[in-house]
Amino acid sequence: MNRIHVHYDDTKPKKEKFTCKRENLTIKGMQYLCEFEKGRKLPAVIASHGFTDNYTGMEVYCEALCREGYAAFCFSFCGGGSIGEAPEVHSDGDSRDMSLFSEVEDLCAVIDYVKSLDYIDGERITLLGASQGGFVSGIAAARCQEGLSSTDKGFSIEKLVMLYPALCIPDHARRGCLGGANYDVENVPGEIRCRRTVLGKGFHEEACGMDAFLELTGYKGPVLIIHGSEDSIVGYAYSMRARDSYEKGQCALQIFRDMGHGSDETQTASVIASIRQFLAGRREILTFQILITHTEVTSQGNETHSDIYFTGYCDSPCFRGTIIPEGIDRRVSQDGVTRSVRAEYAFDGIDTDGERCRLQVVNQWGDKDWKPVIITDSKKLSWLNRADLTAVLEEGRHGLTVRIFAGPGHIRAGNQLPAVTGEK
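Description of the structure in this document. Since the structure is predicted, the reported quantities are computational estimates derived from the model, not experimental observations.

### Details of the sheet that holds strand β10 (residues 251-256)
Point 1. In space, the eight strands of this open sheet follow the order β1-β2-β4-β3-β5-β6-β9-β10, with mixed pairing throughout. At either end of the open sheet lies a strand with only one pairing partner, and these are β1 (14-22) and β10. Each strand axis lies, on average, 20 degrees off the axis of its neighbour in the sheet, ignoring direction.
Point 2. Across four bridges, the pairing between strand β2 (residues 25-33) and strand β4 (residues 71-75) is antiparallel. Residue pairing in the sheet places Met 30 in a bridge with Cys 74 of β4.
Point 3. Packing of helix α1 (residues 59-66) onto the sheet brings it into contact with β1, β2, β3 (42-48), β4, β5 (120-130) and β6 (159-163), and relative to β2 it is tilted by some 40 degrees.

Here it is, written out as C-alpha cells:
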C-alpha cells in the first residue's frame, strides 16, 4: 500500500542539555521546549529509553510532544547504554551496578528535577517509556503515587504511556537469558555478558524476586500500552496481562499489527499519533481492520489518481460488522506528493443491543488529524452521528488498522461508550 506522509507542524523545538543528580551520580539528558507565554506553567513528558539505548532513542517522541504544548525531557540511565557509547550521551555509573530499581531511582531523580523548574506544572507530569524504560516508568508511576521513592514522598503522575514494555525481564532472569545472555541460574556469574553490555549478578537476583505485574498496580491514573503483534523479544501477551492487572477501564491496550520490538519511521508516526490522542483525553471506541483487494492508478500530466479498493471488519465492544461490498480510498498526487485522500466505506453489522445496523464512514485529513464522519441508523449508536471523532492509521503488510477516537465530551456522557476499547 502507498504510504501517506502528512506534515502538520514544522515548528522546530528548542533543545537544551540538562543534568541532575542521583546521589553522587550525574544523569545527562535533553529537554525540548517550544515558545510559550512567560509565566505559563507547562505540562511535562519524561521519556525513558530501553535496554542498552540512551536518551537519543527517545528524542523523536520528545520533539513531537513538545509541539503539543509539553515540555519534554529524555535522559540516559546511570550504567545504562552500550559498550563504546559516546561519552556525551552517557550518564555516570557502571552497568554492573545498574538494575531495574536503580533505574526507577534515576527516573525519580529526573522527576524531582523537572518538578523544580519554575515553568513546569508539577501536577501534570506524564511518564513515557519504551521496552525496559516502559517497565521502569510503570514501576516509578506506582512508587511515586505510593510515596515509595527515596527522593520524593508521594505525588501522582498524571498519565503513563508504555511502549512494548519489557515485562518479560523477571521471567528472563528466572530462565537465565537476561539481555540475550545464556547462563546457569543455579550458578549465576558475577558478570553477565550480554550482547552490548555487562550486567551484574544483582540485576539477576533483583529481577528473579519480582512480580512484574504487582509492581504496576499501585498506579491509579490513566495508562496507554502500545505493543507490536510481531514482537519476538517481549510477546504482547505480557501487555495483555498488564492491562488486566490494572483496574477495569484504567488501561487502554493497542496491539499494533505487523510491528516488532520497536518501530520504523512510519510506525513511529502512528504511535505518536495515538499517544497524542491519549494525552488529549480521547478514547478509542472503534477499531477497523482494513484488507486491500486491488488498486487502480491513472495519470494525466503531473497528476496521479489512485483508487484503492478494500474490504475489512470491525470487532469492537460497541459494534461488530463487515465492510459491504467494498470500500474505496481515493488519492490525488501531484509530482509525487499526496494532495488529497478520501476514504468511503460502509459496515453492515450489529450494535451492543444486538440490533442489525449500518455504519457509513467517510475519513479524510483535517488540519491536524484524520477526521472521520460516521453516520449510522443504530439507535444505540446514534451519538456517533454528531460525535467529535479523530482517527489514527496504522500501516501493515496487507492493509491498515484504523482506530477511531472520541473526544472527552462524549466520554463524560456516560453510558454510550465502553470504558476502554478491549477492556476486560
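What follows picks up the thread again.
### Quick notes on the environment of Asn 187
Point 1. Note that Asn 187 resides in the loop between α4 (169-175) and β7 (191-193).
Point 2. When its relative accessible area of 57% is taken as the criterion, Asn 187 is described as exposed.
Point 3. Placed 203 residues apart in sequence, Asn 187 and Thr 390 show a C-alpha to C-alpha distance of 54 Å.

### Side note on helix α5 (residues 201-208)
Point 1. When α5 is considered as a whole, its buried residues turn out to be Phe 203, His 204 and Ala 207. Buried residues in α5, looked at end-on, bunch into an arc of 100 degrees, giving them a common side.

### Some remarks on the packing of aromatic side chains
Point 1. Tallied over the full model, the rule gives nine aromatic pairs.
Point 2. Geometrically, the ring pair formed by Phe 75 and Phe 77 is edge-to-face, given 4.9 Å between the ring centres and 75 degrees between the ring planes. Per residue, the accessibility class of Phe 75 equals that of Phe 77, and both read buried.
Point 3. On the basis of an interplanar angle of 40 degrees and a centroid distance of 4.5 Å, the ring pair of Phe 288 and Phe 347 is categorised as tilted. With a gap of 59 residues between them, Phe 288 in strand β11 (residues 283-300) and Phe 347 in strand β15 (residues 337-351) connect regions that are remote in the sequence. Each member of the pair, Phe 288 as well as Phe 347, is classed as buried.

Parameters at a glance
- Residues numbered from 1 in each chain as written.
- Predicted model: local features only at pLDDT ≥ 70, side-chain atom pairs only at ≥ 80, totals over all residues.
- Heavy atoms only, no water.
- Pairing = 2+ DSSP bridges.
- Helix = DSSP H or I, 4+ residues; strand = E, 2+ residues; numbered from the N terminus.
- Axes fitted to C-alpha atoms, helices over the stretch in contact; angles between N-to-C directions.
- Contact = heavy atoms within 4.5 Å.
- Buried < 20%, exposed > 50% of the residue type's maximum accessible area, 1.4 Å probe, protein only.
- Arc of directions from axis to C-beta.
- Phe/Tyr/Trp six-rings, centres within 6.5 Å; stacked < 30°, edge-to-face > 60°.

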